[in-house]
Amino acid sequence: MDIKTPKIYISEADAIKSAGEYIKKFSKNPLIVGSKKALEVTIDDLRRTLAENDISSENIDTFSGFPSENKFDYYAGLVKKCQSDALIAIGGGRVLDTVKTTGDLLDIPVITIPTIAATCAAWAGLTIQYDDEGSYVSVRPLKKAPELVIADTKIILSAPKRYLFAGVVDTFAKFYEIRPSLAHEKNAINLDIAFYSAKVAYKKLEENVFKAIYDSENDIYGQAAKDVVDAIIYLAGFAGSFQTGTGYYSFAHPFYHISARFPETRHKLHGEKVAYGILAQLFLEEKTRDEIEDVIKVFEKYDNVFTLREIGLDRENKEQLHTLAADVKKSFAYVSWSEEAIVKALGETDILVKEIRKRG
């Protein structure tokens, strides 16, 4: 079992303004990679704190695209050209995953500065790899997690709420995905630890998300904001830190990964597609209708209940759904349900969501 966690994790309001104090432990000449919007939000404060700590901010590149082999090669070449001793990633999951893999290939430190909390990518010691068009290729384990994570709660809570809500449900997924694994691996303490972390994260989010949003609208970024960000990045990331290489006995994330191969689904965020996958997984687990409806009610609070058509798929297109189900089973050996059962569960989820909407 590999345990992959950052050496330092910081989460507080205005953390970006003192980031240099921590970055100097790892770098003097970093390559800074960020999406356009993320750099706009952070770069002035970051440059200031880097200068205060005698760290160069000369090497900056604006990221676009997906974490692909071509992107890894591009940034590996740029690191060598700039003679950088570390990488700083600023933004969401795509840029963070790209930079993490590049750092892993070059064996240099990686610092992540998430500007949204849509996933736990800032923490995770793995990358979701795509091709250049955005189709899923594989889950790529890394040798280690980032050395340093700086989560500025003010920046993250100021981002559009859609990203936060997607991150909330993606965090809930850890609970639903680890739970069935407990029955298969009864003496695996790593699963016990991961499941406990997932339960704590679930509770923290249910108690704090809307308070954190209300507070942020009044320019307050206190304990509620910290609890929310820590649940999505720290606790969800920690739950995935115990890597055995077997995967969970689950469907939600495999559904997300394979659905990304259908271009029609790419308008939906990671957590939004995972939300649909969780509901379908509950059907696959043969949970009661009442239990599934209760989960839907929870997800509704975070605007994360969708029909197949809203995801970008079609319940009437059996060929499409069978292709997806077959690819899930081919790519994820731990998905034990049959292709027919998966197609049925996807359709049952669609029908139930529509029924609940009709009821109002």
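Our structure is the block above this text.
Just so it is clear, the model here is predicted, and its values are computed rather than measured.

## Examining the nonpolar core
In this structure, Ile233, Phe299 and Leu346 are the most contacted members of the largest nonpolar core, which totals 97 residues. In terms of residue count, helix α7 (residues 189-217) provides more of this core than any other element does, 10 residues in total. With residues near it in sequence (within four places) discarded, Phe299 still touches Val169, Phe172, Tyr176, Ala275, Ile278, Leu279, Asn304 and Val305. In terms of nonpolar packing, the next biggest core, distinct from the first, is built from 22 residues, Ile43, Ile55, Ile88 and Ile113 among them.

## Considering the side chain of Lys4
Tracing the backbone through its elements, the reader meets Lys4 in the loop between β1 (2-3) and β2 (8-12). Only 2.3 Å separates the side chain of Lys4 from the backbone oxygen of Leu142, close enough to count as a polar contact.

## Section: the side chain of Ser181
By the element assignment, Ser181 lies in helix α6 (residues 161-184). Excluding residues within four positions of it along the chain, Ser181 makes contact with Leu191, Tyr248 and Tyr249.

## Some words on the pattern of salt bridges
Opposite charge on two side chains lets them pair, provided their charged atoms get close. Scanning all chains against the criterion turns up 26 salt bridges. The salt bridge partner of Lys204 is Asp227, with a shortest N-O separation of 4.0 Å. You can see Lys204 sitting in helix α7 and its partner Asp227 sitting in helix α8 (residues 223-239), a full 23 residues away along the chain. Looking at Lys204, the relative accessible area reads 31%, which means it is partly exposed.

## A closer look at the pairing of strand β4 (residues 60-63)
Here β4 shows a clear split, with Asp61 and Phe63 buried on one side and none of Ile60 and Thr62 buried on the other. The sheet contact formed by strand β3 (residues 30-35) and β4 spans four bridges and is parallel. The residue of β4 that forms the bridge with Ile32 is Ile60. What joins β3 to β4 is helix α2 (residues 36-52), and the crossover it makes is right-handed.

What counts and what doesn't
- Residues numbered from 1 in each chain as written.
- Predicted model: local features only at pLDDT ≥ 70, side-chain atom pairs only at ≥ 80, totals over all residues.
- Heavy atoms only, no water.
- Core = buried A, V, L, I, M, F, W, Y, C linked by side-chain atoms within 4.5 Å.
- Buried < 20%, exposed > 50% of the residue type's maximum accessible area, 1.4 Å probe, protein only.
- Helix = DSSP H or I, 4+ residues; strand = E, 2+ residues; numbered from the N terminus.
- Contact = heavy atoms within 4.5 Å.
- Polar contact = N/O pair within 3.5 Å; in protein donor to acceptor, adjacent residues only side chain to side chain.
- Salt bridge = Lys/Arg side-chain N within 4 Å of Asp/Glu carboxyl O.
- Pairing = 2+ DSSP bridges.
- Right-handed = clockwise from strand over helix to strand, strands pointing away.

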